[in-house]
Amino acid sequence: MGRKLGFLRPAAGLGCLFALATAGCSADTDAASDAAPPKSSAAPSPASSVTSYAPYVSATEASGTDSAGAPTTYNLAFVISDGSSCTPKWDGTTAIDNSAVVSRISALKQDGASVRVSFGGASGPELAEVCDSAEELAEAYGDALDAAGSTQADFDIEGDALTDSDSVELRSEAIALLHEERGGVTVAFTLPVMPSGLDDDALALLESANNSAVQVSTVNLMTMNYAESYDGDMGDYAITSAKAAHRQLRDVFGTSAATAWGGMALTSMIGTNDVDGETFTLSDAAQLREFAEEKGVGWVSMWATFRDQECTGDADALVNCSGVAQSSGAFGEALAG
C-alpha cells in the first residue's frame, strides 16, 4: 500500500475532518460534518456518536416518502455533465438553478434538514470525465453547491469513472481547489464495496484524494449489488462489507477503530437490487441500523426515497418502488431507527 495515509485520527479539542491530507489537525477545526480526522495527512472525523439518516432523493421530483424517518440530511441525486461540456446539470438535463428544483430543495430544508449535492452516480458522465482542467472542474462543482445552497458534497464514483485514473486525479485536484477557495466544504466519497471490502480502484481513489490534500469527511459504502453468487442474507453481507472496509480504512488512514467507524456511512439499495437474487428486506434495514448504532457509524442511507413504497400495477421495482411487501416509507423509518 505504500505510505500510510492520515485518515481518522483523533486530535486535541474538536475532531479533525476524516481527511486533512497534508494539513494536519488543529484544535479549532469545525467538526460539524459526517465523518472523521487525520494522522499527518488525510482523514475523516465523526461529528457525533449518533448515527444520522441521510437518504438519496431525486433532486427534480418530489416523493411522498421523502420525509419518512425525518432525515437529517438529503443526498440530492445527481449532478453530472450535460454529456459533452463541463456544465453541471441535474441528471445531465436540468439546469442546476432551475426554479422548480430550487423550490424543491427549499421544501426539503423546511424542517431543519440539510442537503448534500451528490455528483456522479451510475449514469454519468461525472464532470471530471469531461472537464479540461482542475480550475474549470472546481468551478462547476462550486456552482452546483451554490445553486443548492449547500456546503456538503458527495462524489458517487463507480463504473468507468472509478477506473479512469486521469479523471480520478483531476477530481482530487479540483476538490483541493474547492477547499482553498471556500471554507467549510465537506466531502464524502461514495464507493462500491464487496463483502471482502473496497477494491484496489476505490483504495487508489482515496490515496489520490489524500495526495492532493483533499479533506474527506466520509467514506460511504454502497452495500448493494454484489454479484449473482451473493444470494444470501443482504443484511449480513452489508455488515460483513462494513467490517472488511473498516479494517482497510484503519490501515489506509492509520486511525483508531472508533474514528474509522465514525468516518463511515452505509448505503443500501432497498428491496430488489439490480443483481438477480439480491433483496434487501425491512428486517435487513433494522439489522443494519442496529449495527450502525452499535459501532457509531456516521450515517446510514438508502437508494432511494422514491422507491420506498410497494409496487402496484406495472411499476418497475428497480425504478420507482421496492419490489417487496411494505407500507410506504417503511424503509426510511427502519433505517432512521
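Treat the numbers as computed from the prediction; the structure is a model and nothing was measured.

About the cut-offs
- Residues numbered from 1 in each chain as written.
- Predicted model: local features only at pLDDT ≥ 70, side-chain atom pairs only at ≥ 80, totals over all residues.
- Heavy atoms only, no water.
- Axes fitted to C-alpha atoms, helices over the stretch in contact; angles between N-to-C directions.
- Helix = DSSP H or I, 4+ residues; strand = E, 2+ residues; numbered from the N terminus.
- Left-handed = near helix turned anticlockwise from the far one by under 90°.
- Contact = heavy atoms within 4.5 Å.
- Nonpolar A, V, L, I, M, F, W, Y, C, P; charged D, E, K, R; others polar.
- Polar contact = N/O pair within 3.5 Å; in protein donor to acceptor, adjacent residues only side chain to side chain.
- Core = buried A, V, L, I, M, F, W, Y, C linked by side-chain atoms within 4.5 Å.
- Buried < 20%, exposed > 50% of the residue type's maximum accessible area, 1.4 Å probe, protein only.
- Parallel < 35°, antiparallel > 145°, perpendicular 65-115°, else oblique.
- Arc of directions from axis to C-beta.
- Expected span 1.5 Å × (residues − 1).
- pLDDT = per-residue confidence, 0-100.
- Salt bridge = Lys/Arg side-chain N within 4 Å of Asp/Glu carboxyl O.
- 1 Å grid on protein atoms, 1.4 Å probe; cavity = no way out; pocket = protein on both sides within 12 Å on 5 of 7 lines; lining within 4 Å.
- Points joined across faces, edges and corners; volume = space filled by probe spheres on them.

Caption draft 1: Quick look at the packing of helix α4 (residues 165–181) against helix α5 (residues 200–211). Running from amino to carboxyl end, α4 crosses α5 at an angle of 35°, the nearest separation of the two axes being 8 Å. Viewed along their axes, α4 and α5 form a crossing whose handedness is right-handed. Where α4 approaches α5, its residues Val168, Glu169, Arg171 and Ser172 are matched on the opposing element by Leu205, Ser208 and Ala209. Considering only residue class, the contact of α4 with α5 consists of three nonpolar, two polar and two charged.

Caption draft 2: Main features of the side chain of glutamine 152. Relative to the assigned elements, glutamine 152 resides in strand β7 (residues 152–156). Within polar-contact distance, the side chain of glutamine 152 engages the side chain of serine 114 at 2.9 Å. At a separation of 3.2 Å, a polar atom in the side chain of glutamine 152 contacts the side chain of arginine 116.

Caption draft 3: View of the nonpolar core. Ranked by size, the top nonpolar core spans 81 residues in total, and within it Phe119, Tyr141, Phe189, Leu191 and Leu198 carry the most contacts. Sort the elements by how many residues they give to this core and helix α6 (residues 234–253) lands first, with nine residues. Ignoring any residue separated from it by four or fewer positions in sequence, one finds phenylalanine 119 in contact with Phe78, Val79, Glu126, Leu127, Tyr141, Ala144, Leu145, Ala153, Asp154, Phe155 and Asp156. Residues Tyr56, Ala77, Phe78 and Ala304 belong to the second largest nonpolar core, which totals five residues.

Caption draft 4: Region of the structure containing the packing of helix α2 (residues 134–148) against α4. Look at α2 against α4: their axes get within 8 Å of each other, and the N-to-C directions meet at 60°. Compared by their axis directions, α2 and α4 come out oblique. Relative to α4, the crossing made by α2 is right-handed. Within the contact between the two elements, α2 uses Ala134, Glu135, Leu137, Ala138, Tyr141, Gly142 and Leu145 and α4 uses Leu170, Arg171, Glu173, Ala174, Ile175, Leu177 and Leu178. In terms of residue class, the contact of α2 with α4 is built from ten nonpolar, one polar and three charged.

Caption draft 5: Structural detail: helix α1 (residues 99–109). The set of residues buried in α1 consists of Val101, Arg104, Ile105 and Leu108. Within α1, the buried residues cover an arc of 100° as seen down the axis, which keeps them to one side. Those residues of α1 that are buried lie in contact with β2 (56–58), β3 (73–81), β4 (88–90), β5 (94–95), β6 (114–120) and α2. Between a side-chain oxygen at the N-terminus of α1 and the backbone nitrogen of alanine 100 the separation is 2.9 Å; the capping residue is asparagine 98.

Caption draft 6: Representation of α6. Compared with the 28 Å implied by 1.5 Å per residue over 20 residues, the 28 Å span of α6 between its first and last C-alpha is a close match. Of all 20 residues that make up α6, 14 are buried, and the element is covered over most of its length. Structurally, the start of α6 carries an N-cap: the backbone nitrogen of glycine 235 is 3.0 Å from a side-chain oxygen of aspartate 233. Once α6 finishes, glycine 254 follows within two positions and takes phi at roughly 60°, a positive value.

Caption draft 7: Broad picture of the confidence of the model for the chain. On average, the chain scores 87 in pLDDT, and the residues at 70 or more come to 85%. Here residues 1–17 is modelled with pLDDT under 50, and outside its nearest four sequence neighbours on either side it reaches 103 contacts, counting other chains as well. Every residue in residues 19–48 scores below 50 in pLDDT, and together they form 153 contacts with partners more than four places removed in sequence or on other chains.

Caption draft 8: Structural context of the pattern of salt bridges. For the structure on display, the rule yields four salt bridges. Taking the shortest distance from any N to any O, the salt bridge between arginine 182 and aspartate 146 comes out at 2.8 Å. In this pair, arginine 182 sits in the loop between α4 and β8 (186–192) while aspartate 146 sits in helix α2, placing the two residues 36 residues apart along the sequence. Classification of arginine 182 as partly exposed rests on a relative accessible area of 26%. Looking at aspartate 146, the relative accessible area reads 46%, which means it is partly exposed. A salt bridge links arginine 289 to glutamate 293, with the nearest nitrogen and oxygen atoms 2.9 Å apart. Pair noted here: arginine 289 and glutamate 293 are both in helix α8 (residues 282–295), with a separation of four residues, about one helical turn.

Caption draft 9: Region of interest: the layout of surface pockets. By volume, the largest pocket is sized at about 550 Å³. Forming the walls of the largest pocket are 26 residues, and the residues nearest its centre are Ala122, Glu158, Met222, Met224 and Asn225. Elements supplying a minimum of two residues to the lining of the largest pocket: β3, β8 and β10 (264–269). Per-class residue counts for the lining of the largest pocket are 14 nonpolar, seven polar and five charged.

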